[in-house]
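# Structure assessment
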Amino acid sequence: MTASSVEQLRKEGNELFKCGDYEGALTAYTQALGLGATPQDQAILHRNRAACHLKLEDYDKAETEASKAIEKDGGDVKALYRRSQALEKLGRLDQAVLDLQRCVSLEPKNKVFQEALRNIGGQIQEKVRYMSSTDAKVEQMFQILLDPQEKGTEKKQKASQNLVVLAREDAGAEKIFRSNGVQLLQRLLDTGEADLMLAALRTLVGICSEHQSRTVATLSVLGTRRVVSILGVENQAVSLAACHLLQVIFDALKEGVKKGFRGKEGAIIVDPARELKILISNLLELLTEVGVSGQGRDNALTLLIKTVPRKSLKDPNNSLTLWVIDQGLKKILEVGGSVQDPPGELMVTANSRMSASVLLSKLFDDLKCDAERENFHRLCENYIKSWFEGQGLAGKLRAIQTVSCLLQGPCEAGNRALELSGVMESVIALCASEQEEEQLVAVEALIHAAGKAKRASFITAHGVSLLKDLYKRSEKDSIRIRALVGLCKLGSAGGTDFSMKQFAEGSTLKLAKQCRKWLCNDQIDAGTRRWAVEGLAYLTFDADVKEEFVEDEAALKALFQLSRSEERSVLFAVASALVNCTNSYDYEEPDPKMVELAKYAKQHVPEQHPKDKAGFVRARVKKLLAAGVVSAMTCMVKTESPVLTNSCRELLSRVFLALVDDVEDRGTVVAQGGGKALLPLALEGTDVGQTKAAQALAKLTITSNPEMTFPGERIYEVVRPLVSLLHLNCSGLQNFEALMALTNLAGISERLRQKILKEKAVPMIEGYMFEEHEMIRRAATECMCNLAMSKEVQDLFEAKGNDRLKLLVLYSGEDDELLRRAAAGGLAMLTSMRPSLCSRIPQVTTHWLEILQALLLSSNQELQHRGAVVALNMVEASKDIASSLMESEVLEILSVLAKAKESPVTRAAAACLAKAVEYGLIKPNQDGE
């Protein structure tokens, strides 16, 4: 009984494999292995699993499965051949050739094995030639770089560039590595010369990239501490290059070898978790080291943000996050509590505290249960108390600064810290201090504390008068602007609800005017002007403020310039203001019945501002486009900073979607680089943000030439975001626009069609062909029509036991003319490519003849042409089908069409009749017609 089940599952897997369902086949083979198969059956199942993994391009697993098959049966020639294919793809040619030689010895007359052995032999010879030719070059490059006589020469610069270029190729990187390259690169790093250090770091990136064994060997030579310490140098370019190298090292340790030479079976075996912890431990130490540059500290925070939290909450293991919280939370809080001006013990930049806030937020979000969160709160509160109690005024300032950092990050932890005894009272008291530094810290804490409703009400009662007093009486712009932002934040507590304004009529407009004035004053430093943008981000909830803001060209120009500056922490505020101006936040029209019910129950009913109606929003969008908003947003998307959080990405995606809503504006968005900027937004960020960006991409792809909008390889990156819009959790409009966009792409090239197939879009497109909504059904059919040019889709229609062909035939007879055109086009394409389908058309429905006649008699020439092509394909496919057509009214219809004015329809009709004459089914009349 077990043997029977194993055989049945193996056959089922074979059928699924033939149909292209490799994952399904893999599942069937796995189930069969679990049923106690015999050693011979196990060998067959493992080699079949290897074939599946080869098709799925998972070459490591393909090698493993083939090896298991060979263990069971050393003479399994298919398993040997499949392992050789996997090894070739992994770059391990020396091992692949051994397997192929064994295949040839087992089957000497097999031409496939002989050809594969010749090909791989050629590859090995080419690499040997390449290696020998680069041997001398590598040695020469290092001689020039390490020669003290060549200092600053053009020769030295060229050698460093050549070394970096060589390391980008796997073979070149391996050559450098095997030529004692890491030790020589260490000598370049030890010179302390910026140019040589950059060359060394960039070469090391090539050596370590996606190669675990070389990475571990590099770390053992250089020392983890030495590599991390380079982050802290004053030279920004060198610090960034070290940051890039460490990111590559992290990736290599996490992902293992994906490509490149691993040598014989003796690849270095390491515990990646241990190596990662050593690296992260060094980064945490760097955070609080005196003498480390502010830029270096920011880069360390960036690496921790990218590396520590889980990439997906589906991954159950958050042990790295818990370890970092236990080992390094105090160090992160120390950076978050440091001040830039005047410089304290730790050098920080304007972006350091925001980076620390982002890291704290990521760590907190990565926690899984209340106990873990409670431990986080306890550690934060203990740290704040240690500074607040018994450390004098300086300690209180440090504690309040740390609370501000938490409020900008994990605000739940920040709110709990505010509730500690004496903290809020100290904030209020220090706002009245005569010292600017103390006021700045206190006012900023007050602003961040006003973010939550319960805090806002407390501050409205106790702090508004204080903020107003600071705004009116302070002589320092840095204090006045922050006080103004506090007032803006409190004034916008009602959000977009027109009926919930906190301040008197006209107050928000006055506040906004002052914010714009400060924003446009380029005599004020960027760090202070950022607060003016923060104020506008809150005030632009008010439609009157939006209208005045988009009319102020100088303010918009200043806003966009500031978004491109080194002041990265302004990005979220800029994006928030743009979301408000374009009304791209989520808004649902309230149900009139529910409104009446709420009024009857004397409940509050939100009201929309009259200037937030569609016409006003469209006008604001056009003004923003004219001011250059797309160029500014494109620069924001390119930002390599933790400040560009997923939430910030989502805001930018929302704005882009609003900008491309009007067809007339899409050309402007594309011309200013909007298409390029949308791709990363659609591939990374929150689910909502990715969906919004994907929808914007769909709109651009529908109405513009995709090859112009996404030039080069970029066009292939558009497919995945578009396919993501086909999922059932997306709206009908998003489904429709994705189908339309994919239709355009599918009509461009076979490579694009293959990309769509690889993203597993076909089953979803087929599902939408049954959709009740006629526009979605039609779009899906049009998309399938274009995809039918691919062999794989034709195979699906030709496979037995499915109704795909029947659906196209029936749709060709529907009332919806556009649906008929799409279905008939697909039918014409398929019957032309696969003549065997012609004989199945009469079998799928008894109405096939009526449908064909209706197409031929259509007043729409396009439909008529498609019907004539289908008829021609059927006539050419078989004499029997031609006979059934000539015995029906189709003969008369074709005769009439053939006599009409010269056109594609008349030519197709005449060809049908000529073929029927050739078969002897009809005869020409006396006139030869």
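The rules behind the values
Here the residue numbering is sequential within each chain, running from 1 through the sequence in written order. Local features in this predicted model are restricted to residues of pLDDT 70 or higher, and side-chain atom pairs are both shown and tallied only at a pLDDT of 80 or more, whereas totals for entire chains, interfaces and linings draw on every residue. Here the side-chain values reflect all heavy atoms present in the structure, with hydrogen atoms and water set aside. UniProt positions are given in the numbering used here, feature names are shortened, and annotations may be inferred rather than shown by experiment. For the purposes of this entry, the term helix denotes a DSSP run of H or I that reaches at least four residues, the term strand denotes a run of E that reaches at least two, and both are numbered from the N terminus. Here a residue-residue contact requires only that any non-hydrogen atoms of the pair lie within 4.5 Å. The method behind every accessible area is Shrake-Rupley, applied with a 1.4 Å probe, and residues are considered shielded solely by the protein chains displayed. By convention a nonpolar core is built from buried Ala, Val, Leu, Ile, Met, Phe, Trp, Tyr and Cys residues, the set being connected through side-chain atoms within 4.5 Å. We call a residue buried when its accessible area falls under 20% of the maximum for its residue type, exposed when it is over 50%, and partly exposed in between, using a 1.4 Å probe and counting protein chains only. What counts as a ring pair is set by centres within 6.5 Å for rings of Phe, Tyr and Trp (its six-membered ring), and what kind of pair is set by the plane angle: stacked under 30 degrees, edge-to-face over 60, tilted for all other angles. As a reminder, the over-ring test applies to NZ of lysine and CZ of arginine, requiring each to be within 6 Å of the ring centre and within 35 degrees of the ring normal. What qualifies as a polar contact is a pair of N or O atoms within 3.5 Å, subject to a donor-acceptor requirement within protein and to the restriction that residues adjacent in sequence count only when both atoms come from side chains. Criterion for a salt bridge: a side-chain nitrogen of Lys or Arg within 4 Å of a carboxyl oxygen of Asp or Glu. The quantity known as pLDDT measures the predictor's confidence residue by residue, on a range of 0 to 100. The arc under discussion is defined with respect to the helix axis, by the directions toward the C-beta atoms. Working convention: axes come from line fits to C-alpha atoms, limited for helices to the stretch in contact. Angles between N-to-C directions cover 0 to 180 degrees. Each angle receives one of four descriptions, namely roughly parallel if under 35 degrees, roughly antiparallel if over 145, roughly perpendicular if within 65 to 115, and oblique otherwise. Crossings are sorted by hand: turned counterclockwise from the far helix by less than a right angle, the near helix makes the crossing left-handed, and turned clockwise it makes it right-handed. Amino acids are sorted into nonpolar (Ala, Val, Leu, Ile, Met, Phe, Trp, Tyr, Cys and Pro), charged (Asp, Glu, Lys and Arg) and polar (every other residue, Gly among them).

The name an unreviewed UniProt entry assigns to the chain is Protein unc-45 homolog A, from the organism Panthera pardus. Listed under Subunit (unreviewed entry) in UniProt, the entry text for the chain is "Interacts with PGR isoforms A and B as well as with NR3C1 in the absence of ligand, and with HSP90AB1. Binding to HSP90AB1 involves 2 UNC45A monomers per HSP90AB1 dimer."

It is worth spelling out the overall build of the chain at this point. Along the chain, the regular secondary structure elements total 54 helices and zero strands. Summarising the internal contacts of the chain: among those between residues at least 6 apart in sequence, 69% fall at separations of at least 24. By element, 50% of the accessible surface of the chain is carried by carbon and sulfur atoms, the whole surface being about 43000 Å².

A few words now on the nonpolar core. Of all hydrophobic cores here, the largest spans 250 residues; its most connected members are Phe376 and Leu659. With 10 residues, the top contributor of residues to this core is helix 14 (residues 236-255). Aside from chain neighbours lying at most four places away, what touches Phe376 is Ile325, Leu329, Leu360, Leu363, Phe364, Leu367, Pro410 and Ala413. Leu9, Leu26, Leu45 and Cys52 belong to the second-largest nonpolar core, a separate cluster that totals nine residues.

Remark: the centre distance and the inter-plane angle together describe each pair of aromatic rings, the angle taken between the planes. Per the counting criterion, the structure on display carries three aromatic pairs. Note on Phe17 and Tyr22: the rings are 5.1 Å apart at their centroids and 65° apart in plane angle, and the pair reads as edge-to-face. Phe17 gets classed as partly exposed once you look at its relative accessible area, which sits at 23%. Aromatic side chains Tyr81 and Phe113 sit 5.2 Å apart centroid to centroid with 45° between the ring planes, which places their arrangement in the tilted category. Separated by 32 residues along the polypeptide, Tyr81 in helix 5 (residues 77-89) and Phe113 in helix 7 (residues 111-145) bring together distant segments of the chain. Its end group placed over the ring of Tyr716, Arg751 keeps NZ or CZ at 3.9 Å from the ring centre.

To continue, consider the environment of Leu407. With respect to the secondary-structure elements, Leu407 resides in helix 20 (residues 392-408). Between the alpha carbons of Leu407 and Ala449 there is a distance of 6.8 Å; along the sequence they are 42 residues apart.

Moving on, we get to the UniProt feature "repeat: TPR" (unreviewed entry) in the chain. The sites that carry the UniProt feature "repeat: TPR" (unreviewed entry) are, in the present numbering, residues 77-110. Annotation note: span residues 77-110, helix share 79%, strand share 0%, distance between end C-alpha atoms 11 Å.

Time to look at the side chain of Ser790. You can see Ser790 is positioned in the loop between helix 45 (774-787) and helix 46 (791-798). Overall, Ser790 belongs to the buried group, its relative accessible area being 0%. A polar side-chain atom of Ser790 sits 3.1 Å from a polar atom in the side chain of Glu750. Apart from residues lying up to four places away in sequence, Ser790 is in contact with Glu750, Arg753, Gln754 and Leu757.

Bringing the pattern of salt bridges into the picture now. Enumeration according to the criterion identifies 48 salt bridges in this entry. When the shortest N-O distance is used, the salt bridge between Lys611 and Asp544 registers 3.1 Å. One end of the pair, Lys611, is in the loop between helix 32 (592-600) and helix 33 (614-627); the other, Asp544, is in helix 29 (residues 543-551), with 67 residues separating them in the sequence. Looking at Asp544, the relative accessible area reads 16%, which means it is buried. Ionic contacts of the salt-bridge type, sharing partners, join the residues Asp170, Glu174, Arg178 and Arg214 into one network.

This next bit is on helix 52 (residues 879-886). If you check which residues of helix 52 are buried, you get Ile881, Ala882, Ser883, Leu885 and Met886. As for helix 52, its buried residues are in contact with helix 50 (848-856), helix 51 (861-877), helix 53 (890-899) and helix 54 (904-919). In this structure Ser878 caps helix 52, since a side-chain oxygen of it lies 3.2 Å from the backbone nitrogen of Asp880.

Even without a glycine there, the phi angle at Glu57 is positive, about 65°. Within the secondary structure, Glu57 sits in the loop between helix 3 (39-55) and helix 4 (59-72). The phi dihedral of Asn180 falls on the positive side, at around 60°, and the residue is not glycine. In this fold, Asn180 is placed in the loop between helix 9 (170-178) and helix 10 (181-190).

This part takes up the confidence of the model for the chain. Summarising the model, the chain shows a mean pLDDT of 83, and 89% of its residues fall at 70 or more. pLDDT under 50 marks residues 256-269. Its contacts with residues more than four places away, or in other chains, come to 40 contacts. Of the regions scoring below 50 in pLDDT, residues 494-502 engages in 22 contacts with residues more than four places distant in sequence or in other chains.

Further remarks concern helix 25 (residues 464-473). Residues of helix 25 that are buried: Val464, Leu466, Leu467, Leu470 and Tyr471. Looking straight down helix 25, one finds its buried side chains confined to an arc of 165°; they lie on one side. Pointing more than 90 degrees away from the buried face of helix 25 are the exposed residues Ser465, Lys472 and Arg473.

To continue, consider the packing of helix 10 against helix 11 (residues 194-208). Closest axis-to-axis distance for the helix 10/helix 11 pair is 8 Å, and the angle between their directions is 150°. Here helix 10 is positioned roughly antiparallel relative to helix 11, judged by the angle of their axes. Helix 10 and helix 11 meet at a crossing whose hand is left-handed. Contacts between helix 10 and helix 11 involve Leu185, Leu188 and Leu189 from the first element and Leu196, Met197, Ala200, Leu201, Thr203, Leu204 and Ile207 from the second. Counted by class, the contact of helix 10 with helix 11 contains nine nonpolar, one polar and no charged residues.

Along the chain, the position of Ser213 falls in helix 12 (residues 212-222). On a C-alpha basis, the gap between Ser213 and Ala252 in space is 8.8 Å, while along the polypeptide they are 39 residues apart. In this structure the side chain of Ser213 is engaged in a polar contact, spanning 3.2 Å, whose partner is the side chain of His211.

At their nearest, the axes of helix 27 (residues 507-520) and helix 29 sit 9 Å apart, and the two run at 30° to each other. The angle between helix 27 and helix 29 places the two elements in the roughly parallel class. Like other packed secondary-structure pairs, helix 27 and helix 29 cross with a definite hand, here right-handed. Contact residues: Thr508, Leu509, Ala512 and Arg516 in helix 27; Asp544, Val545, Glu548 and Phe549 in helix 29.

Among the structural elements, Gln42 can be located in helix 3. With 36 residues separating them in the primary sequence, Gln42 and Val6 have C-alpha atoms 9.7 Å apart. Those residues in contact with Gln42 that lie beyond four places of it in its chain are Leu33, Ala37 and Lys72.

Turning next to the side chain of Arg297. Looking at the element boundaries, Arg297 is found in helix 16 (residues 294-307). At 2.8 Å, the side chain of Arg297 and the backbone oxygen of Met347 are in polar contact. Once you skip the residues sitting within four places of it in the chain, Arg297 turns out to touch Leu286, Leu287, Thr288, Glu289, Val292, Val335, Leu346, Met347 and Val348.

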